[in-house]
Amino acid sequence: MWGGRFAEGPSAIMREINASIPFDKALWRQDIAASKAHVAMLGAQGIVTPADAASIADGLDQVAAEYEKDGVPEDWDLEDIHMTTESRLAELVGPVAGRLHTARSRNDQVATDFRLWVREAMEQVDAGLEQLQRALVARADEHAASIMPGFTHLQIAQPVTLGHHLMAYYEMIRRDRSRFADARARLNESPLGSAALAGTGFPIDRDMTAHALGFDGPTRNSLDAVSDRDFALDYLMAAAQCSLHLSRLAEEFIIWASQPFGFVRLPDALSTGSSIMPQKKNPDAAELVRGHAGRIIGCTTALMVTMKGLPLAYSKDMQDDKPPVFEAASLLALSIAAMTGMVADSSFRTDRMRQAAELGYATATDLADWLVREADIPFREAHHITGAAVKLAESKGVALDALSLEELQAIDPRVDERVFAALSVDASVASRSSYGGTAPERVREQVAHARRMLGIDE
């Protein structure tokens, strides 16, 4: 491949450190597609003859069929997927295969292939996230009025509904999908035809190859085109943010499934047992999703550090761009699938959730609000009165609405019997009817909107 420039071939160490075929063979479909688009353009522009273009295209189809059937062979002397394919093409169609590389370089070739791969990965992520959203919406609809404690600092704060809680994750995933969509829009320009770094003197048609590969158009600067990996970083940063959301959801299920909480029974298919303790049902899938987030963030950091000091245009460091993206994509797909199954198939113990909300004094804020609203007491004073009421209920081991009127009036005589309408968890939830609030009617509104956005009711 290196022609007559070197008197000796590379050492064994050089072959090993230089070869990328063990991982970039994953790009073979994209490499075949880009090569076919390129040779079709070369033929249309008269740069190669129609007969040669047809022969090369047929040969590429045959190579693709072999890869599909037997996998991509790994010959480290050929270094990468590009030379592996071109070498096999030459065996099939002869010296005419050498015309395929006219007016392109491995620099624009790999930039094009990698963009195509990342674009497809973004589309796959989006499809997976949509399924997760559908699962969240279905369970939120089912539990729009199921009461559970809402938390701050992992301490019971105010009662909410399970549907409202699940829809919070729908919103997170909605933002994740928007980030991938934005990244895809920026990615969708074709580097093909930028050649090594300066473009080419051949009369190529970059618009033709761009549109053949589904790009919006060609890149505008050849130096930037071959050295840019922003699209990979965009993917990784969106993946990292998404993995944080998945990890938070996983953590909720881990906590909820623990015996002290008992809010949920996880599906057997996404749990494991213990080799020594027969009673155990471990939330391993959720824990691995939580762990995968760290690895995906690490992949993002790895590529950022690789790119941070590279001058224009291409440097061999950039060969290390693909492993972190491939790893993150695999981990993210698994995480999305695991959490989709967990949301869809878990059994929520709404009786335990309600009990926790009632015994956690989650309606304390409602008592303070009632004192402000009905007894015209300044909020700070109402806060103090409510704290005394909570202390009394806690000492008696009962919910706030189980205190008698006499007990409440002993704390402050301005309390009257109307207060009990505000102290139940049902009344508390129903009263939070502001837009975006936890009242069941508001949750159902958001569920209906989400169903329309997902096309569920069409």
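Everything here concerns the structure above.
This text gives an overview of the structure that appears in the document. (Residues numbered from 1 in each chain as written. Predicted model: local features only at pLDDT ≥ 70, side-chain atom pairs only at ≥ 80, totals over all residues. Heavy atoms only, no water.)

1. Some words on the pairing of strand β2 (residues 155-161)
Two elements, strand β1 (residues 147-152) and β2, share five bridges in a ladder whose sense is antiparallel. Bridge pairing in β2 links Phe 151 to Ile 156. Count of turn residues in the β1/β2 antiparallel hairpin: two residues, of which His 153 carries a positive phi of about 60°. (Pairing = 2+ DSSP bridges. Helix = DSSP H or I, 4+ residues; strand = E, 2+ residues; numbered from the N terminus.)

2. Observations regarding the packing of helix α3 (residues 28-44) against helix α6 (residues 106-142)
At a minimum axis separation of 9 Å, α3 and α6 run at an interaxial angle of 120°. Classified by the interaxial angle, the pair formed by α3 and α6 is oblique. Viewed along their axes, α3 and α6 form a crossing whose handedness is right-handed. Contacts from Gln 30, Asp 31, Ala 34 and Ser 35 in α3 reach Gln 109, Thr 112, Asp 113, Leu 116, Trp 117 and Glu 120 in α6. Class assignment for the residues of the contact of α3 with α6 results in three nonpolar, four polar and three charged. (Axes fitted to C-alpha atoms, helices over the stretch in contact; angles between N-to-C directions. Parallel < 35°, antiparallel > 145°, perpendicular 65-115°, else oblique. Left-handed = near helix turned anticlockwise from the far one by under 90°. Contact = heavy atoms within 4.5 Å. Nonpolar A, V, L, I, M, F, W, Y, C, P; charged D, E, K, R; others polar.)

3. Here's the deal with the nonpolar core
Looking at soluble globular proteins, one finds that nonpolar side chains tend to be buried together. Counting residues in hydrophobic clusters, the biggest one holds 94 residues, and the most contacted among them are Phe 180, Tyr 235 and Leu 332. Counting residues per element, this core draws most heavily on helix α10 (residues 230-257), at 16 residues. Leave out the neighbours within four places in its chain, and Phe 180 touches Met 122, Val 125, Leu 129, Tyr 235, Ala 238, Ala 239, Cys 242 and Leu 332. Counting residues in each nonpolar core, the second largest holds 20 residues, with Leu 371, Ala 375, Ala 382 and Leu 408 among its members. (Core = buried A, V, L, I, M, F, W, Y, C linked by side-chain atoms within 4.5 Å. Buried < 20%, exposed > 50% of the residue type's maximum accessible area, 1.4 Å probe, protein only.)

4. Some words on the state of the cysteines
Should the sulfur atoms of two cysteines be covalently bonded, the bond is a disulfide. Counted by the stated rule, this structure contains zero disulfides. Looking at the unpaired Cys 242, the closest cysteine sulfur is the one in Cys 299, lying at 14 Å. (Disulfide = S-S within 2.5 Å.)

5. Topic: the packing of helix α14 (residues 364-375) against helix α15 (residues 379-396)
Packing of α14 against α15 brings their axes to within 8 Å, and their N-to-C directions diverge by 135°. One element, α14, and the other, α15, form an angle in the oblique class. Judged by the twist between their axes, the crossing of α14 over α15 is right-handed. Two secondary-structure elements touch here, α14 through Ala 364, Leu 367, Ala 368, Asp 369, Leu 371 and Val 372 and α15 through Phe 379, Ala 382, Ile 385, Thr 386, Ala 389 and Val 390. Its residues assigned to classes, the contact of α14 with α15 comprises ten nonpolar, one polar and one charged.

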